[in-house]
Protein chains: 2
Amino acid sequence: MSPKDAQLQALVAPIAGDLARMREVIADALASDAPAVSDMTDHIGRFRGKQLRGALVLLSGHARAATTKAGTVDPELPIVAAIVELIHLATLVHDDVLDGADKRRRVASVNRRWDNQVAVLLGDLLYSRAFHLSTTLRSPLASQLLSTITQEICAGEIEQAAGRYDFEMPLDVYERVATAKTGALYGAACELGFRYPDGSEFDGAGMRAFGREIGLAFQIVDDLIDLSGNEEAAGKSIGTDVEDGKVTFAVLHAYQNADAATRAHVRDAYTLPGLDGEPGGRLARLREVCDLEPGCARARQRAAELVGTARGRLERLPEGPWREALFTLSEFVLERRW
Amino acid sequence: MSPKDAQLQALVAPIAGDLARMREVIADALASDAPAVSDMTDHIGRFRGKQLRGALVLLSGHARAATTKAGTVDPELPIVAAIVELIHLATLVHDDVLDGADKRRRVASVNRRWDNQVAVLLGDLLYSRAFHLSTTLRSPLASQLLSTITQEICAGEIEQAAGRYDFEMPLDVYERVATAKTGALYGAACELGFRYPDGSEFDGAGMRAFGREIGLAFQIVDDLIDLSGNEEAAGKSIGTDVEDGKVTFAVLHAYQNADAATRAHVRDAYTLPGLDGEPGGRLARLREVCDLEPGCARARQRAAELVGTARGRLERLPEGPWREALFTLSEFVLERRW
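Residues numbered from 1 in each chain as written. Chains lettered and ligands numbered in written order. Predicted model: local features only at pLDDT ≥ 70, side-chain atom pairs only at ≥ 80, totals over all residues.

Asks: What's the story with the overall build of chain A in this structure? I'm lost.
Replies: Counting its secondary structure elements, chain A contains 17 helices and two strands. Burial status across chain A gives 49% buried among its 338 residues. A separation threshold of at least 6 residues defines the contact pool for chain A, and within that pool the share at least 24 residues apart is 74%. (Helix = DSSP H or I, 4+ residues; strand = E, 2+ residues; numbered from the N terminus. Buried ≥ 20, exposed ≤ 12 C-beta atoms within 10 Å, placed from the backbone. Contact = placed C-beta atoms within 7 Å.)

And the structure:
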C-alpha cells in the first residue's frame with residue numbers, strides 16, 4: 001500500500017462500517033442469475049477504485065448528522081452511496097466503449113474482454129439497477145436528484161463528443177462540459193449525503209458546489225494523466241484523448257497560446273492518417289511538436305484554485321472530524337496519480 | 001395511408017386526446033438547450049412509429065376505468081405512456097448501435113448520422129429522461145415497475161449477445177430471451193395502464209401476461225421481417241441478424257430440422273469471411289443454401305398461437321370498446337409489414 005493509500009484508508013476509517021455496507025449493496029446489485037450477465041458483473045466488480053464518490057456521500061452525511069440532535073446518519077445512506085457508485089460504474093463501462101479503452105484499473109475493460117455490444121448493454125443494466133435501487137428507498141430524493149444528474153452527465157458527454165477537434169473551444173466551455181460530465185456526480189454525492197432523506201435544496205447548495213468544484217478539478221487532473229502520465233502508474237490506457245480527438249485543458253491552453261506553425265503541427269498530430277500505428281501514436285507526436293508544459297502547469301494551477309474554493313465552502317460546517325476528512329479528501333483529487 | 005394504417009387510426013380514435021397529450025410530453029422530453037443535444041433529439045423525433053406501447057398503456061387504462069365508478073383514466077396516464085415510449089426509443093437507439101443498422105423507420109439511424117459514441121450517449125440520455133419523468137409522478141408505481149423491466153430488457157439483450165451463432169439453442173430459450181428483450185416492455189405497458197396509480201400486482205397480472213405474449217409474437221414477426229422482408233417495405237435495414245450472428249426462430253427451426261450438410265452450409269453463411277461484401281450478403285447466401293420456408297411458417301404459426309392465448313385473457317375484461325380495441329390491436333402484431 002502506498003503512503004497515499006494508507007492516508008486515505010485512515011481518513012475513511014470512521015466510516016468503515018458504512019463503506020462495508022455500501023460494498024455489500026453493490027455486490028448484491030451486481031449479482032445475477034443469468035450466467036452471461038454474472039460473468040460480466042463479476043468482472044467489473046474488479047474495477048473497484050477508491051470509491052471516492054461513495055465516501056463523499058457518507059462523509060457529507062456524517063457532517064450533517066453532527067449538527068443534529070440524533071447525531072447519526074440515516075440507515076439508508078449506505079444504499080444511497082452504493083447507488084452513486086453504481087451510476088459511476090455504468091458511466092465507466094460506457095466511457096470505455098466511447099474511448100475504445102483497453103484497460104480500466106489494470107483489468108481489461110468490458111469492451112475489450114467481450115465487445116462493444118455487451119459493454120453498451122452492461123452499462124444500461126447498471127443504470128437500470130441503480131435507478132431501481134433508488135426507487136426502493138423511502139425518500140424519493142435520491143431517484144429525483146440522480147435521474148436529473150445522469151441527464152446532465154449524458155448531455156455533457158454529448159457536448160464533449162460534438163466538441164472533438166475543436167481547438168478554439170474557450171476554456172470556460174471546456175470547464176462547463178467537464179463539470180457536467182464529472183463534477184455533476186461529485187456534486188450529487190455531496191448534496192445527497194447532506195440532504196438525504198429530507199433536507200432542503202437550500203441546505204444542500206453549499207455541498208453541491210463543493211462537490212462540483214472538486215469534481216471539475218478531478219477531471220482536469222484526469223485529463224492531465226491521459227496527456228502526461230504513464231500507463232503503468234495510471235493503471236489504464238493513456239493517450240486516448242488525443243487518439244479520440246478530445247482537446248483538453250492543457251492542450252487548449254497550449255494551442256491557443258501557440259504560433260500558427262505550432263498550431264498546424266498540433267492539428268496534424270491529432271488528425272494525420274497513419275499516426276495511430278506509430279510507437280506512442282498521436283500522443284508522442286503531440287509532445288514532439290508542442291511544448292505542453294505551460295498548459296499542464298496552468299491546468300494544475302486551475303485545479304488547485306478550484307480545490308481552494310471548494311475547501312472555503314467547508315468552513316460553514318461545524319468543526320470536527322468529518323469536516324477534516326472532507327478537507328483532506330479534496331486534496332487527493334489534486335495528488336492522485338492513479 | 002394504407003388500409004391497415006387507417007384501421008389502426010380508427011382503433012385509437014377514442015384515445016386521440018390522450019395520445020396527443022402523450023406526444024406533447026415526449027416532445028418536451030426531447031427538447032434541449034444544448035445545440036449538440038437538440039440536433040440529435042430533433043432527429044430521433046422523426047423515428048416516430050406506431051407508438052403501440054403508448055397506445056397499450058392508454059387502452060389498458062381505459063379498460064380498467066370502465067370497471068370503476070368514475071370511469072375516467074388517471075390524468076397522469078398520458079405521461080406514463082410517454083415514459084414507456086421514451087424507454088422504447090432509448091432501446092431503439094442502443095439497438096441500432098448493437099446491430100450496426102443504417103436505417104430506422106426510413107430515417108438514418110443515430111449511429112449512422114453521427115457515430116456510435118453519440119448514439120450510446122443519446123440512448124443513455126433518453127433512459128435518464130424517462131426515469132426522471134417517472135420520479136415526478138405522484139405514484140412510485142411507474143418508476144418501480146419500469147426500472148425493474150429495463151433490467152430485464154438489458155439482461156435479455158446480453159443473453160441474446162451471448163447466444164450469437166448458437167444454432168443449437170432450444171426454441172424455448174429463444175422465446176425466453178425474446179420475451180425479456182421485447183415482451184417485457186409490452187407487458188409493463190399493459191400492466192401499468194391497468195394498475196396506475198394504485199392497482200395491486202394481482203390485478204395487473206392478466207394484462208401483464210397479455211402484453212408479454214403479444215410482445216413475444218411481435219418479436220417473432222420482427223425477426224421474420226429481418227429474414228424474409230424487403231428493405232423498402234420494412235423501412236429499415238434487413239438481414240442484420242444474419243450479419244450479426246443472431247439466430248432467430250425460423251433459422252433455429254430450419255437448422256435443427258436440417259441434415260448435416262445443410263447445417264454446415266447454414267453455419268458457413270453466417271460465418272465465412274468475405275460474404276459481407278457480396279450482393280445481398282450473408283442473408284442471400286443463407287436463403288440459397290437452406291429452405292427457410294418451413295421455419296418461417298412455424299414461426300408465423302407460433303406467433304398466431306401466442307396472440308390467441310393473449311386474446312383469451314381479454315375475456316375477463318368487461319365487454320366494451322376498449323376490450324375490442326385491445327383485441328383488434330393484438331392482430332396488428334401479426335400482420336405488420338413495417
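Asks: Please explain the packing of helix H14 (residues 260-271) of chain B against helix H15 (residues 281-289) of chain B as it appears in this structure.
Replies: Helix packing geometry: the angle between the two helix axes and the distance between the axes. Residues and elements named next belong to chain B. Close contact between H14 and H15 brings their axes to 8 Å; oriented N to C, the two are set at 170 degrees. One element, H14, and the other, H15, form an angle in the roughly antiparallel class. The segment H14 lies against H15, with Thr262, His265, Val266, Ala269 and Tyr270 engaging Arg282, Arg285, Leu286 and Val289. Per-class residue counts for the contact of H14 with H15 are five nonpolar, two polar and two charged. (Axes fitted to C-alpha atoms, helices over the stretch in contact; angles between N-to-C directions. Parallel < 35°, antiparallel > 145°, perpendicular 65-115°, else oblique. Nonpolar A, V, L, I, M, F, W, Y, C, P; charged D, E, K, R; others polar.)

Asks: For this particular structure, what's the right way to read helix H2 (residues 16-30) of chain B?
Replies: An α-helical turn contains 3.6 residues, so any two residues separated by three or four positions project in the same direction. Residues and elements named next belong to chain B. Compared with the 21 Å implied by 1.5 Å per residue over 15 residues, the 21 Å span of H2 between its first and last C-alpha is a close match. Within H2, the full set of buried residues consists of Asp18, Met22, Ile26, Ala29 and Leu30. Down the axis of H2, the smallest arc covering the buried residues is 115 degrees, so these residues share one side. Across from the buried face of H2, at angles greater than 90 degrees, the exposed residues are Ala16, Gly17, Ala20, Ala27 and Asp28. (Expected span 1.5 Å × (residues − 1). Arc of directions from axis to C-beta.)

Asks: What's the story with H14 of chain B in this structure? I'm lost.
Replies: Residue and element names in this part refer to chain B. Helix length check: H14 (twelve residues) gives 16 Å between terminal C-alpha atoms against 16 Å at 1.5 Å per residue, within 8%. Listed as buried for H14 are Val266, Ala269 and Tyr270. Down the axis of H14, the buried set is contained in an arc of 95 degrees. They therefore lie on one face. The exposed residues of H14 that point more than 90 degrees off its buried face are Ala260, Ala261, Ala264 and Thr271.

Asks: Help me understand the interface of chain A and chain B in this model?
Replies: How big an interface is tends to be stated in terms of accessible area lost as the parts join. With 34 residues of chain A in contact, the opposing surface of chain B contributes 34 residues. Listed by contribution, the elements that provide at least two residues to the side of chain A that touches chain B are helix H3 (35-45), helix H5 (77-99), helix H7 (116-135) and helix H8 (141-162) of chain A. Looking at the side of chain A that touches chain B residue by residue, the classes come out as 18 nonpolar, twelve polar and four charged.

Asks: For this particular structure, what's the right way to read the relation of the copies chain A and chain B?
Replies: These two copies of the chain differ by a rotation about an axis and a displacement along the same axis. Superposing chain A onto chain B takes a rotation of 180 degrees combined with a translation of 0.0 Å along the rotation axis, leaving an RMSD of 0.0 Å. Classification of the inter-copy transformation places it as that of a two-fold axis. Same-surface contact between copies: 100% of interface residues of chain A are shared with the interface of chain B. (Least-squares fit on C-alpha atoms with pLDDT ≥ 70 in both.)

Asks: Looking at this model, I keep getting lost on the packing of helix H4 (residues 52-65) of chain A against helix H17 (residues 321-335) of chain A. Mind explaining?
Replies: All names here are of chain A. H17 packs onto H4 with a crossing angle of 150 degrees between their chain directions and a minimal axis gap of 8 Å. By the criterion of interaxial angle, the relationship of H4 to H17 is roughly antiparallel. For the crossing formed where H4 meets H17, the hand is left-handed. Here Leu59, His62 and Ala63 of H4 come into contact with H17, specifically with Trp322, Arg323, Ala325 and Leu326. Residue composition of the contact of H4 with H17, by class: five nonpolar, one polar and one charged. (Left-handed = near helix turned anticlockwise from the far one by under 90°.)

Asks: Is there a simple way to think about the environment of Gly281 of chain B in this case?
Replies: Residues and elements named next belong to chain B. Mapping Gly281 onto the fold places it in helix H15. For the pair Gly281 and Pro14, spaced 267 residues apart in the sequence, the C-alpha separation amounts to 45 Å. The contact partners of Gly281, leaving out residues within four places of it in the chain, are Gly239, Glu243, Leu275 and Asp276.

Asks: Help me understand unusual backbone geometry, please; the structure alone is not making it clear to me.
Replies: Note on backbone geometry: most residues besides glycine have negative phi, and most peptide bonds are trans. Residues and elements named next belong to chain A. Tyr196 connects to Pro197 through a cis peptide bond whose omega is 5 degrees. Secondary-structure assignment places Pro197 in the loop between helix H9 (171-195) and helix H10 (201-228). Even without being glycine, Tyr165 reaches a positive phi, approximately 65 degrees.

Asks: What should I look at first to understand the confidence of the model for chain A in this one?
Replies: On average, chain A scores 89 in pLDDT, and the residues at 70 or more come to 90%. Scoring of the predicted complex yields 0.88 for pTM and 0.85 for ipTM. (pLDDT = per-residue confidence, 0-100.)

Asks: Looking at this structure, how should I read the environment of Phe194 of chain A?
Replies: All names here are of chain A. Within the secondary structure, Phe194 sits in helix H9. Phe194 sits 150 residues away from Ile44 along the chain, and the two C-alpha atoms are 29 Å apart. Not counting the four nearest positions on each side in its chain, Phe194 is found in contact with Ser60, Gly61, Ala63, Arg64, Gly199, Asp203, Gly204 and Met207.

Asks: Hey, could you run me through the environment of Tyr127 of chain B in this one?
Replies: With respect to the helices and strands, Tyr127 of chain B occurs in helix H7 (residues 116-135). For the pair Tyr127 of chain B and His88 of chain B, spaced 39 residues apart in the sequence, the C-alpha separation amounts to 9.0 Å. Excluding residues that lie within four positions of it along the chain, Tyr127 of chain B makes contacts with Asp124 and Tyr127 of chain A together with Ile87 and Ala90 of chain B.

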